[in-house]
Amino acid sequence: MLTGRHLGASLGAALLALCLLACLGPGTSAPSARAAAAAGPPSDPGPAKAERREQRLRKMRRANRAQKRPNVIVVMTDDQNESMLGLETTVRLLGGRGTTFDNSYVSFPLCCPSRATFLTGQYSHNHGVFSTELPNGYNGLDHANTLPVWLRSSGYRTALVGKYLNGYGIEDGLLEPVSDAKEIPPGWSEWYGLTGGLDQRRYKYKLNENGRVRYYKRGPKNYVTDVLASKAIAFVKRRAPRPKPFFLWFTPTAPHGEAGRPIGATRDPEPALRHLGRYESVTAPRTPNFDEADVSDKPEQVAENPRLSSEDKADIDLRYRGRLESLLAVDEAVKRIVGRLRKAGDKGKTYIFFTSDNGLLLGAHRLLFKNYLYEEALRVPLIVRGPAFPAGVVRHQPVSNVDLAPTIAELAGVIPGLAVDGRSLVPVAANAGYGAARRLLFESNVHNNSAGILSGSWVYLDNGPDETPELYDLAADPFQLDSLHADPAHTSIRSQLATQLSQIRTCAGLACP
């Protein structure tokens with residue numbers, strides 16, 4: 001006899017069976033308990049998927065051993081002078097295992113012209129970019145004939161991550177539109193470009209990610225250098241295991257100052273929160289030319305500047321601390337990039353260049369900008385790590401950013417699409433005496449388009465017909481305190497350099513020194 005409890009259990013089992021039959025549909029029988037037990041628990045696809053992924057990676061790495069041409073990575077900071085403070089890991093990973101060029105200059109110490117020189121291997125008077133504004137800024141460059149175009153045409157995968165040229169992505173220029181924020185210039189396989197107007201923010205900026213513009217709001221995870229580093233490393237992760245070579249131009253905005261400092265800010269630029277305070281007690285170097293006492297030997301545009309006030313000096317120190325602390329995130333990014341190359345097995349077949357687009361005057365000669373043809377604005381770091389560059393070596397020959405495109409073209413085995421003005425750095429790295437007597441040309445749009453020449457330890461600056469020229473012996477006067485242009489004892493060297501400058505200031509291709 002069934003009790004109420006047994007009857008309830010039987011009815012429940014019957015209802016469950018009917019439900020199973022209804023769910024399985026007509027013509028389908030419910031699995032037996034024995035069959036269900038034999039099937040075991042549902043399988044976890046994770047391990048199998050991970051194994052398939054690892055098999056694919058192993059296959060790509062085997063194919064990658066046949067890679068003939070090297071990868072190239074260029075890390076270019078923004079407004080960093082030759083000091084490498086805040087970049088100790090970069091110095092160890094790149095300088096300790098590569099070649100450091102301690103007489104590295106830019107030909108035009110302003111962001112847009114300098115970056116155009118990097119992309120073309122030409123001086124400004126040849127590539128046509130003379131400013132950061134219309135009509136000779138972003139729109140002045142022929143974007144269809146640049147280093148990434150040459151590389152991609154020869155089979156390279158190319159990526160821009162960070163700042164491109166001033167004016168990119170600004171759709172509402174004063175006279176005419178400058179650039180579509182969704183535009184991707186020729187030559188780039190992948191594009192992660194900061195759009196103009198917001199490109200000097202550390203938070204609340206826009207990034208064109210392969211044609212889709214994304215806004216990054218304020219938040220610890222959105223610090224711009226970290227976001228850009230993640231994009232760069234993801235590109236390396238995708239491309240490094242493959243046999244096709246790649247070119248990456250990683251251009252963080254550090255240590256450039258921000259556009260619009262918030263009231264009460266203690267740094268400009270703002271560093272990542274984890275780095276705030278690391279250089280709290282540091283002040284900008286008080287070099288002999290800091291707040292220079294006597295600038296009567298300089299052009300009027302410099303000589304008319306008053307001495308720096310206590311407020312000016314406090315502002316310079318604030319900026320200096322922000323600059324150093326902002327570079328710490330760049331230092332971490334370089335470490336991550338090198339680590340990703342090592343993990344992919346591509347470290348030995350990759351060249352890494354570290355440099356900046358120009359320097360900055362932080363109180364030297366009473367000046368607070370760049371563009372002037374003084375050492376603080378012209379000199380930038382340059383370290384190259386790779387098979388053709390000796391490890392732990394310092395080269396003292398004068399070199400210029402006009403040399404970078406020709407160097408990369410030689411390493412990649414491509415022919416530039418235009419007549420480059422620079423020279424490959426490969427023989428300079430191999431031979432300590434090669435190019436030691438080379439002369440360098442400098443250009444600027446201040447003083448009615450001034451120009452200069454470096455020859456040995458001598459620098460001569462032509463500041464135009466209505467401005468005072470300048471002459472310095474850097475061996476005796478590295479801070480350019482006393483111009484010798486009016487000294488009768490130096491008439492001969494002044495005349496000689498003036499003649500040489502007039503010969504090369506419009507040079508092109510092989511005619512350039």
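Bear in mind the structure is a predicted one, so any value in this text is a computation, not a measurement.

## Description of the overall build of the protein chain
Move 1: Counting its regular elements, the protein chain contains 14 helices and 16 strands.
Move 2: Taken as a whole, the protein chain presents about 22,700 Å² of accessible surface, with 56% of it coming from carbon and sulfur.

## Some details on the environment of Gly137
Move 1: Within the secondary structure, Gly137 sits in the loop between helix H6 (124–127) and helix H7 (147–153).
Move 2: Spatially, the C-alpha atom of Gly137 lies 7.9 Å from that of Leu165, the residues being 28 residues apart in sequence.
Move 3: In contact with Gly137, not counting residues within four places along its chain, are Cys112, Val129, Ser131 and Thr132.

## Details of the state of the cysteines
Move 1: Scanning the model with the defined rule gives one disulfide in all.
Move 2: Note that Cys507 is cross-linked by a disulfide to Cys512, the S-S spacing being 2.1 Å. With the S-S dihedral at roughly 100°, the linkage between Cys507 and Cys512 falls on the right-handed side.
Move 3: For Cys512, a relative accessible area of 3% corresponds to the buried category.
Move 4: Cysteine Cys111 shares no disulfide, and the gap to the nearest cysteine sulfur, in Cys112, comes to 8.2 Å.
Move 5: We classify Cys111 as buried; its relative accessible area is 2%.
Move 6: A relative accessible area of 0% means that Cys112 is categorised as buried.

## Quick look at the environment of Val428
Move 1: Structurally, Val428 is set in helix H13 (residues 426–430).
Move 2: Overall, Val428 belongs to the buried group, its relative accessible area being 7%.
Move 3: It is 7.4 Å that separates the C-alpha atoms of Val428 and Gln397, two residues lying 31 residues apart in sequence.
Move 4: Excluding anything up to four places from it in sequence, Val428 contacts Phe101, Arg395, Gln397, Val399 and Tyr434.

## Notes on the confidence of the model for the protein chain
Move 1: Looking at the protein chain, the pLDDT average stands at 89 and 87% of residues meet or exceed 70.
Move 2: Here residues 1–40 is modelled with pLDDT under 50, and outside its nearest four sequence neighbours on either side it reaches six contacts, counting other chains as well.

## Focus: the nonpolar core
Move 1: Grouped together as the largest cluster of nonpolar side chains are 41 residues, with contacts concentrated most on Phe118, Tyr164, Phe247 and Trp249.
Move 2: Residues within four places of Phe247 in sequence aside, it is in contact with Val72, Val74, Phe118, Leu147, Leu151, Tyr156, Arg157, Thr158, Ala159, Trp188, Phe235 and Ile408.
Move 3: Residues Ala159, Val224, Leu228 and Ala229 belong to the second largest nonpolar core, which totals 38 residues.

## Focus: helix H14 (residues 491–504)
Move 1: End to end, H14 covers 20 Å across 14 residues, agreeing with the expected 20 Å (1.5 Å per residue, within 8%).
Move 2: Among all positions of H14, only Ile493, Leu497, Gln500, Leu501 and Ile504 are buried. Viewed along the axis of H14, the buried residues span an arc of 100°, placing them on a single side of the element. Of the residues in H14, the exposed ones pointing more than 90 degrees away from the buried face are Ser492 and Gln503.
Move 3: Buried-residue contacts for H14 involve H6, strand E13 (439–443), strand E14 (451–455), strand E15 (458–462) and strand E16 (470–473).

Criteria and cut-off values
Throughout this document, residue positions are counted from 1 along each chain, in the order its sequence is written. Two thresholds apply to this predicted model, a pLDDT of at least 70 for residue-level local features and 80 or more for giving and counting side-chain atom pairs, whereas whole-chain, interface and lining totals are computed over all residues. Each side-chain value is worked out from all heavy atoms of the structure, with water and hydrogens disregarded. Secondary structure elements follow DSSP: runs of H or I no shorter than four residues count as helices, runs of E no shorter than two count as strands, and numbering proceeds from the N terminus. Calculation of accessible area relied on Shrake-Rupley with a 1.4 Å probe; when residues are assessed, cover is drawn exclusively from the protein chains displayed. Any two residues whose heavy atoms approach within 4.5 Å are treated as being in contact. Pairs of cysteine sulfur atoms within 2.5 Å are what we label disulfides. A 1.4 Å probe rolled over the protein chains alone gives each residue an accessible area, and that area as a share of the maximum for its type sets the label: buried under 20%, exposed over 50%, partly exposed in between. Residue-level confidence of the predictor is summarised by pLDDT, bounded by 0 at the bottom and 100 at the top. Remark: nonpolar core denotes a set of buried residues (Ala, Val, Leu, Ile, Met, Phe, Trp, Tyr, Cys) joined through side-chain atoms within 4.5 Å. What a helix is expected to span follows from its residue count: subtract one and scale by 1.5 Å. Picture the helix axis, draw a direction to every C-beta atom, and the arc is the one those directions span.

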